[in-house]
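Listed here are the chains, written in short residue letters.
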Amino acid sequence: MRKLSYYIALTLDGFIAAPDGSYDFYPLSEEFVGFLAADFPETLPTAARRALGVDEAPNRRYDTVVMGRGTYDPAFKEGITSPYAHLRQIVFSRSLGESPDPAVEVVSGDPVPYVRALKQEEGADIYLCGGADLAGQLIDEIDELVIKSYPVVAGAGIPLFRAEFTPRSFVPTDSRSFENGTVVTTYTRKR
C-alpha cells in the first residue's frame, strides 16, 4: 500500500505559513537546497527544478501530489496552472470548479475516501503538499510526516493542522541537521 506523506516546512512555533499564506521568510542555504534537490527533487515545483538544473531528475519518493486550493492558488495566480508537472497533481477544492489545466485533477468531494483509494493504487508514495485544512481532514490517513523545521519563530500564521483535538502518535525515524539551523525529521505513524 502507498503511504500518504505530509512533507512540509514548519516554524519552531508550529506554523507552515504567515497569516496571509506566504512562506518566503524561511531561511535557505546552498547546502539545504542541495539536499532538497538530491533527496526530495519531486517536492520542488517544476520551475524550481528547472532553475536548479534538476528538471530531469527522477522522482525518488512520490509520484502524486495532493493539495488544497490555498496551496495551489499562489502559483495559479502567477499563471502557473501545473506547478508540479512531473507528478500526478490533485487539488481538493469546493470552489475551483473546472480544472484550469488538463494535467491537474480538481476534486470537490470528501478527500478522505479519495485518498484512501489513491493509497490502494500501484505506485510510489503520495506527497501531501498542504495546507492545514486538508491536512486536518486527512490526519488519520497520514502515514508519515517529513517536517522541515526552520529556526524561525513566526508568532502567528497557518498551523500545521486545522483539526479537532485528538492526539495521534508518531515515532521519529530519521533526522538530519543543516548549518543554517534547519532540521529535517521524518516521523512514522504509530499504529
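A brief structural summary. This is a predicted model, so every value here is computed, not measured.

Glancing now at the environment of P41. Looking at the element boundaries, P41 is found in the loop between α1 (30-39) and α2 (46-52). On the basis of relative accessibility, which here comes to 1%, the residue P41 falls in the buried class.

Here we come to the environment of V152. Among the secondary structure elements, V152 is positioned in the loop between β7 (144-149) and β8 (158-159). Residues V152 and F15 lie 137 residues apart in sequence; the distance between their C-alpha atoms is 9.7 Å. Discounting chain neighbours no more than four positions away, the residues touching V152 are T11, L12, D13, F25 and P27.

Here we come to the pairing of strand β9 (residues 170-177). Sheet analysis places β9 next to strand β10 (residues 183-189), joined by seven bridges and oriented antiparallel. Each residue of the ladder has a partner; that of F170, found in β10, is R189. Between the antiparallel neighbours β9 and β10 lie five residues, among them G181 with a positive phi of about 95°.

This model, assessed by the stated rule, comprises 14 aromatic pairs. When the centroid spacing of 4.9 Å and the interplanar angle of 50° are considered together, the rings of F35 and F178 count as tilted. Here F35, found in helix α1, pairs with F178, found in the loop between β9 and β10; they are 143 residues apart in sequence, far enough to count as distant. Using a relative accessible area of 7% as the deciding quantity, one classes F35 as buried. Here F178 falls in the buried class, since its relative accessible area comes to 6%. The rings of Y7, F25, Y26, F32, F35, F40, Y62, Y84, Y127, Y150 and F178 are connected pair by pair, giving a single aromatic cluster.

Procedures and definitions
- Residues numbered from 1 in each chain as written.
- Predicted model: local features only at pLDDT ≥ 70, side-chain atom pairs only at ≥ 80, totals over all residues.
- Heavy atoms only, no water.
- Helix = DSSP H or I, 4+ residues; strand = E, 2+ residues; numbered from the N terminus.
- Buried < 20%, exposed > 50% of the residue type's maximum accessible area, 1.4 Å probe, protein only.
- Contact = heavy atoms within 4.5 Å.
- Pairing = 2+ DSSP bridges.
- Phe/Tyr/Trp six-rings, centres within 6.5 Å; stacked < 30°, edge-to-face > 60°.

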